Structures are given as structure tokens and as C-alpha cells.
Amino acid sequence: MDQDTLLAELDHPDNDHQQAAAIQLIEIGYNTVPGLIEVLQHGSENARYLSAWALGEIRDERAIMPLIGALKDESEAVGNWAAKALGEIGDEQAVEPLINTLTNPLANTRRNAAAALGWIGDNRALDALISALQDDDSTVVGAAAAALGNMGDRMATPALTILLEHPDEWVRIRVAKSLGQLADYHATQPLIHTLDDEREWVRYNVIWSLGQIRDGSAFDAIINKLTDPSANVRRGAVEVLGQWRDPRAIKPLRKLLEADNDATVKTIAHIALQQLGE
């Protein structure tokens, strides 16, 4: 099919036809951008959001201003995909419009704007993303936390550590991981306190983050997680101890190797002991 036919297929009543046309337009790439922009601005709702998605995948700078305009589209789906597309393109022109979108009444659009700002990584968004940690929608909070981790500015550490007690498990997971990305030793003690979280993947990400921070004051707390009821958490603790190469871990790891009933944990423990020179 030629390009005009593919653009028309974005409005086909069958979803499979729509998706197939969008994928083919993405594969064609550069030459489809003007047509996709035209559809983004004047097409049906369905065609507009597919165009936004395709433009994000193509990542052509000609789409930046039309996508910024689409942030205010009356369709939630179009606004969502426009925000995501701007993040994928990664141009700084989108930073201020995306910051403004963090106050959009639609939670999904705020979430995508937060994620996009994290992908772009411009520090002008730092204060706005820290404020977004107070959003009343947990998906927005999680996206803002992840974005702050991606940006790597330790000014976010105090606001993130407070959220280690957030009621939503996925927020706590994203916060824990972001603190590891920031690798700020000020987060060590709050992370240690979170090692008793009831959810295993929170504990796992806390251990990973402590491993990234490499604060020796966390050594005993990580050793204690070698007896965690979750094999995933024990595995994470073993991996960190192997990476740290602290000889104090040899005896506890030998004991684990003899007693643990999980094959993967035992394999990782064997590798960790090799890292420690055993």
C-alpha cells in the first residue's frame, strides 16, 4: 500500500488494520512525518492517537510542535500518546509544555507527562516532578518517582525517602529503585528501615538500591536478608554481597550455600563466593 492508503487505514473500523497501517508507516519513517502530522491535527480521534504513537516511534523533530499542541487535545488518548511521544523524541522544547501538563485534570495524561520528563532528563523539571510526588493518583506518583531516578539529581532524595511508606506497593518499588539510581548515602537508613516491608519486590528493590549506594553501614542489614522468606530477596542480598566483595560475607554465604533450598539462590551464592576469592 502507498503512504496515502496507509494513512487512510488509520481510520479503518478494524483495529488490526489500524495497527498494521501504523506499524508500516513507522517502518517507512521519515517520509511519512508530514502526513502523520496532518492526521494528528485534523484526523478522527482514533487516527490522531495512532499518529501520535507513530510520530513518537519515528522520533523526527518536525513532529515536536504538533505534538506539543496535541497535549491539549480534547481526547485523553491523544494527549496521553502525545506526551509519551515527546518523551521518546527527547527534545528540550517539550519540557515546559510537559511541566504544564503535570496539572492536567486527567491522571493518565499527568502520568505520561511525568514519565516523558524523566526520559528527557532536563533539570528544569525537577521541582515540578518533586511536587508531583504529592499527586492524589498513585500512578502519577510512581511515574514522577521513576522520572526523578532517571534524572539523577540528589535534591530529590528527601522527598523520595518519605514515600518509602506510601500505601501503594508499586510506588514503594519505584521509589526504592529511584533512590538506588541516585546513590545518595542519605537514603541508607530509610532504606534499611524498609527492608521489613511486607511485599517481597519492595524488599528486593531496597536491597538493590543499598547495593548501588554501597554504604557499609547497611552490611549487617543485608546479611540479615539471607534468611528472608522470599527466594528473590535472598538472591538480591547474595548478589549485592558478591558485588561488594567484603570478606565478612564469606561465612554467611557458605552457610547459605549449605542450607538454602532454592537452586537459583545457591547458584548465585556460589558465584558470589567466587567473587570473594573462594
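Preceding this paragraph is the structure being described.
Since we're looking at a predicted model, the values are computed, not measured. Residue indices follow the written sequence of each chain, beginning from 1 at its first position. Selection of residues for local features in this predicted model requires a pLDDT of at least 70, selection of side-chain atom pairs for listing and counting requires 80 or more, and totals for whole chains, interfaces and linings are taken over all residues. Values shown for side chains rest on all heavy atoms present in the structure; no hydrogens or waters enter the calculation.

Participant: If you had to explain the packing of aromatic side chains to someone new, which residues and values would you point to?
Facilitator: In this analysis, rings of Phe, Tyr and Trp, with Trp reduced to its six-membered ring, are considered paired at centre separations within 6.5 Å, and the interplanar angle assigns stacked below 30 degrees, edge-to-face beyond 60, and tilted for intermediate values. Within this structure, the stated rule accounts for one aromatic pair. Centroid distance W201 to Y204: 5.2 Å. Interplanar angle 70°. Geometry classified as edge-to-face. One end of the pair is W201 and the other is Y204, both in helix α14 (residues 200-213) and three residues apart, which spans about a single turn. Between the NZ or CZ atom of R62 and the centre of the ring of Y30, over which it lies, the distance is 3.9 Å. Whether a charge lies above a ring is judged from NZ of Lys or CZ of Arg, which has to be within 6 Å of the ring centre and within 35 degrees of the ring normal. The ring of F219 has R248 sitting right over it, with the charged end atom 3.9 Å from the ring centre. Where helices and strands are cited, they refer to DSSP runs of H or I of at least four residues and of E of at least two residues respectively, numbered from the N terminus.

Participant: How would you summarise the pattern of salt bridges if you had to cite specific residues and measurements?
Facilitator: Salt bridge, as used here, is a side-chain nitrogen of Lys or Arg placed within 4 Å of a carboxyl oxygen of Asp or Glu. Counted under the stated rule, the structure contains 15 salt bridges. Ionic pairing is found between D60 and R62, a salt bridge with its closest N-O pair at 3.0 Å. Relative accessibility thresholds used throughout: buried, under 20% of the residue-type maximum; exposed, over 50%; partly exposed, between the two (1.4 Å probe, protein chains only). Exposure remark for D60: the relative accessible area of 12% places this residue in the buried category. Judged by relative accessible area, R62 falls into the partly exposed class, the value being 35%. A salt bridge links R124 to D122; the shortest N-O distance between them is 3.0 Å. According to the relative accessible area criterion, R124 is partly exposed, its value standing at 42%. Overlapping salt bridges bring together D196, R203, K225 and D228 as one network.

Participant: I'd love a proper account of the packing of helix α6 (residues 76-89) against helix α8 (residues 107-120), names of residues and values included.
Facilitator: Axes here mean lines fitted to C-alpha atoms, for a helix over just the part in contact, with angles spanning 0 to 180 degrees between N-to-C directions. It is at 7 Å that the axes of α6 and α8 come closest, and there the two elements cross at 5°. Put simply, α6 runs roughly parallel to α8. On α8, the residues touching E76, G79, N80, A83, K84, L86, G87 and E88 of α6 are N108, T109, N112, A113, A116, W119 and I120. Oblique is the label for any angle not covered by the other classes, which are roughly parallel (under 35 degrees), roughly antiparallel (over 145) and roughly perpendicular (65 to 115). The contact rule is simple, with two residues in contact once any of their heavy atoms fall within 4.5 Å.

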